[in-house]
Amino acid sequence: MPLVIVGIGILILLLLISKFKINAFLALLITSFAVGLLSSMNPLDILDSVLKGVGDTMGKIVLILAFGAMLGKILEESGAAHTITFRMIDFMGLKNIQYALLITGFLVGLPMMYNASFLVLIPLIFTFAYTTKLPTIWLALPLCSALSVAHCFLPPHPAPTYVSFIYEANVNKVLLYGLVPMIPACLIGGVWLSRFTKNIVVTPPADLFQERKFEKSELPGLGISIFCAVTPIILMLLGALTDVIFGPPPAKAELTQMGIESITGFYQHIFTGKGFSAQSSNVIAGVLTFFKFMSDANIALFMAVIVAILTLGLRKGRKMDDVMNSSAKSIGAISMIVLIIAGGGAFSQVLKDSHVIEYIRSISSSMQMNPLLMAFVISSIFRLATGSATVASLTTAPIMLPMAQQMGTSPELMVLATGAGSVMWSHFNDSGFWMFKEYFGLSIKQTFQTWTVMESTVGIVGIVTVMIMSVFI
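In this report, the structure presented in the accompanying data block is examined. (Residues numbered from 1 in each chain as written. Predicted model: local features only at pLDDT ≥ 70, side-chain atom pairs only at ≥ 80, totals over all residues. Heavy atoms only, no water.)

### Quick word on the overall build of the protein
Looking only at helices and strands, the protein has 22 helices and zero strands in total. Intrachain contacts of the protein at a sequence separation of at least 6 include 78% that bridge at least 24 residues. When the accessible surface of the protein is summed, it comes to about 20100 Å², and 66% of that surface belongs to carbon and sulfur atoms. (Helix = DSSP H or I, 4+ residues; strand = E, 2+ residues; numbered from the N terminus. Contact = heavy atoms within 4.5 Å. Areas by Shrake-Rupley, 256 points an atom, 1.4 Å probe, with all protein chains shown as cover.)

Dropping the structure here:
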């Protein structure tokens with residue numbers, strides 16, 4: 001019954017948006033209340049779920065979206081995006097531009113969260129499309145497929161890293177094995193699939209990107225352009241390396257139980273235990289804590305904005321008022337996008353509070369199939385129901401752990417199978433769905449034809465590759 005209610009909710013949402021032309025944000029709120037009532041939730045409980053979903057989602061993404069939009073606007077207006085574009089075309093050649101974007105997506109997406117990396121790179125897609133006259137979605141799909149695979153398959157991203165610990169998998173092996181399915185998934189889901197999107201016309205938000213011609217003498221240097229674009233990547237990579245080398249800090253409750261009240265204290269505990277003196281452990285712990293702070297996506301993008309303002313703005317002769325005004329316009333351009341993503345968070349929270357996850361967990365215990373395939377199926381169902389790849393992975397792993405251990409299945413492959421399922425069926429309750437739709441100015445139908453098909457293709461290719469790998473591992 002809960003899955004039927006989810007299906008009814010999706011149908012209601014489709015009708016509200018497509019038939020009655022209601023704004024997606026309002027449609028998501030209406031659907032959230034409808035699903036809650038169909039699930040016999042108390043109206044006040046539904047309201048609490050909606051508010052919690054909006055608050056939690058906004059708390060996670062609002063600064064990332066704002067700083068990402070500001071950074072993108074500065075890169076675009078300064079000509080830095082054009083500089084990177086021209087050099088990449090010169091280096092790779094126009095005929096290989098999709099592969100260049102795929103590689104860029106992998107390198108940027110490995111250390112960065114999907115939302116942050118998407119926002120950093122989106123001006124480059126618009127600039128590529130404008131300067132080369134190539135179709136925008138044709139350029140975007142290879143990039144987005146690489147970002148998505150990195151987010152769902154590969155450590156040090158939160159979901160695959162944490163799931164590796166649940167399955168007791170070797171994180172380094174997960175990263176190594178994950179490169180195998182990533183290649184065909186991106187080539188098929190990104191490059192090959194994009195050939196069917198060449199006729200889709202894209203109109204980006206007017207205040208987010210505006211076509212502008214630059215003389216080569218006006219463009220900033222390649223070094224400073226790349227530095228501003230990769231500043232958040234460098235900062236987040238430092239945090240990722242800290243996690244890989246020393247392990248992620250435990251949760252706050254675990255810190256308190258250990259008698260350690262801060263991340264700094266946690267690292268002091270590590271180094272003291274390894275035989276370092278108290279003084280040297282304090283210094284090392286302080287440095288590592290600073291890296292962890294600076295590597296947070298919010299702080300990394302904030303620092304990138306500061307660097308861009310100083311180097312691509314004020315240093316190039318622009319006045320602070322001018323830079324701030326254009327930055328404010330970029331934030332205004334994403335205001336509705338933020339609300340729509342928040343509406344998706346409300347819908348997702350209502351689905352969680354209506355006990356869909358418990359229902360799926362109960363029926364999964366009676367299923368009999370290959371553990372890898374079962375992890376893929378369960379994770380994909382959670383993804384369909386909740387909209388979150390992270391939630392899908394973290395919920396599936398505890399369910400599948402006993403079966404995986406009993407069957408002797410490779411824990412590293414279990415991580416990848418779970419990640420492949422978590423990327424499936426992206427639709428209205430997924431913030432990535434709405435970001436892709438709104439930033440590229442697509443209709444609901446076009447978003448399903450491009451984004452949803454790409455995500456599902458990546459997941460299917462991923463699990464097929466993992467099943468083949470299981471013959472040898």
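After presenting the structure, the write-up continues.
### Thoughts on a nonpolar patch on the surface
A grouping of Tyr99, Ile183, Leu187, Ile188, Trp192 and Phe196 is seen on the molecular surface, where their side chains present a nonpolar patch of about 600 Å² in accessible area. Looking at the nonpolar patch, the element that brings in the most residues is helix 9 (residues 171-192), giving four residues. (Patch = residues over 30% accessible without salt bridge, like charges linked within 9 Å, V, L, I, M, F, W, Y side chains within 5 Å. Salt bridge = Lys/Arg side-chain N within 4 Å of Asp/Glu carboxyl O.)

### Points about the nonpolar core
Judged by nonpolar contacts, the single largest core of 132 residues is most densely connected at Phe118, Tyr167, Phe428, Trp434, Phe436 and Phe440. Take this core: its biggest share by element is 13 residues, from helix 7 (residues 136-153). Not counting the four nearest positions on each side in its chain, Phe440 is found in contact with Phe118, Ile122, Ile125, Phe126, Thr136, Ile137, Ala140, Val202 and Thr203. Formed by six residues, the second largest nonpolar core is a distinct cluster that contains Phe266, Tyr267, Ala285 and Leu288. (Core = buried A, V, L, I, M, F, W, Y, C linked by side-chain atoms within 4.5 Å. Buried < 20%, exposed > 50% of the residue type's maximum accessible area, 1.4 Å probe, protein only.)

### Side note on the packing of aromatic side chains
Any pair of aromatic rings gets described here by the distance separating the centres and the angle formed by the planes. A complete count under the given rule lists 13 aromatic pairs for this structure. Ring plane angle 70° and centroid distance 5.6 Å describe the contact between Phe428 and Phe433, whose orientation is recorded as edge-to-face. By relative accessible area, Phe433 is classed as buried at 0%. (Phe/Tyr/Trp six-rings, centres within 6.5 Å; stacked < 30°, edge-to-face > 60°.)

### Overview of helix 14 (residues 297-313)
For the α-helix, the turn length of 3.6 residues means that residues three or four positions removed from each other point alike. Helix length check: helix 14 (17 residues) gives 22 Å between terminal C-alpha atoms against 24 Å at 1.5 Å per residue, within 8%. With 13 of its 17 residues buried, helix 14 lies for the most part within the structure. (Expected span 1.5 Å × (residues − 1).)

### Remarks on helix 7
Its 18 residues place the ends of helix 7 26 Å apart at the C-alpha level, agreeing with the 26 Å of an ideal helix rising 1.5 Å per residue. Among the 18 residues in helix 7, 18 count as buried, and that is most of the element.

### A closer look at the pattern of salt bridges
Within the structure shown, the criterion is met by six salt bridges. The salt bridge involving Arg318 is made with Glu77; its shortest N-O contact spans 3.0 Å. Of this pair, Arg318 sits in the loop between helix 14 and helix 15 (320-333) while Glu77 sits in helix 3 (residues 43-78), and the two are 241 residues apart along the sequence. In this pair, the class of Arg318 matches that of Glu77, namely buried. Between Asp430 and Arg383 there is a salt bridge whose closest N-O contact spans 3.2 Å. Residue Asp430 is located in the loop between helix 20 (411-422) and helix 21 (431-440), and its partner Arg383 is located in helix 18 (residues 371-386); the two are separated by 47 residues in the primary sequence.

### Overview of the side chain of Ser393
Relative to the assigned elements, Ser393 resides in helix 19 (residues 389-407). A polar contact of 3.4 Å, which involves the side chain of Ser393, links it to the side chain of Ser422. Not counting chain neighbours up to four residues away, the residues in contact with Ser393 comprise Ala159, Val163, Ser379, Thr418, Gly419 and Ser422. (Polar contact = N/O pair within 3.5 Å; in protein donor to acceptor, adjacent residues only side chain to side chain.)

### Some remarks on the packing of helix 20 against helix 22 (residues 444-470)
Two elements in contact, helix 20 and helix 22, have axes separated by 8 Å at closest approach and are oriented at 160°. As summarised for this structure, helix 20 and helix 22 are arranged roughly antiparallel, according to the angle between their axes. The element helix 20 and its partner helix 22 pack so that their crossing is left-handed. Residue-level inspection shows Leu413, Leu416, Ala417 and Ala420 of helix 20 in contact with helix 22, the latter providing Gly459, Gly462, Ile463, Val466, Met469 and Ser470. Among the residues making up the contact of helix 20 with helix 22, the classes are represented as seven nonpolar, three polar and no charged. (Axes fitted to C-alpha atoms, helices over the stretch in contact; angles between N-to-C directions. Parallel < 35°, antiparallel > 145°, perpendicular 65-115°, else oblique. Left-handed = near helix turned anticlockwise from the far one by under 90°. Nonpolar A, V, L, I, M, F, W, Y, C, P; charged D, E, K, R; others polar.)

### Looking at the environment of Ala297
Structurally, Ala297 can be placed in helix 14. On the basis of relative accessibility, which here comes to 8%, the residue Ala297 falls in the buried class. Through-space distance from the C-alpha of Ala297 to that of Gly239 is 10.0 Å; in sequence the pair is 58 residues apart. When sequence neighbours within four positions are dropped, the list of residues in contact with Ala297 reads Ile64 and Met236.

### As for unusual backbone geometry
A positive phi is found at Ser40, a non-glycine position, where the angle reads about 65°. Using a relative accessible area of 66% as the deciding quantity, one classes Ser40 as exposed. Positive phi values are uncommon outside glycine, yet Trp425 reaches one of about 55°. With respect to the helices and strands, Trp425 occurs in the loop between helix 20 and helix 21.

### What about the environment of Lys319?
Counting through the fold element by element, Lys319 comes out in the loop between helix 14 and helix 15. Considered as a pair, Lys319 and Ile309 are ten residues apart in the sequence and their alpha carbons are 10.0 Å apart.

### Some thoughts on the side chain of Ser194
Positionally, Ser194 belongs in the loop between helix 9 and helix 10 (222-246). Among residues more than four places away in sequence, those in contact with Ser194 are Gln98, Trp138, Leu141 and Pro142.

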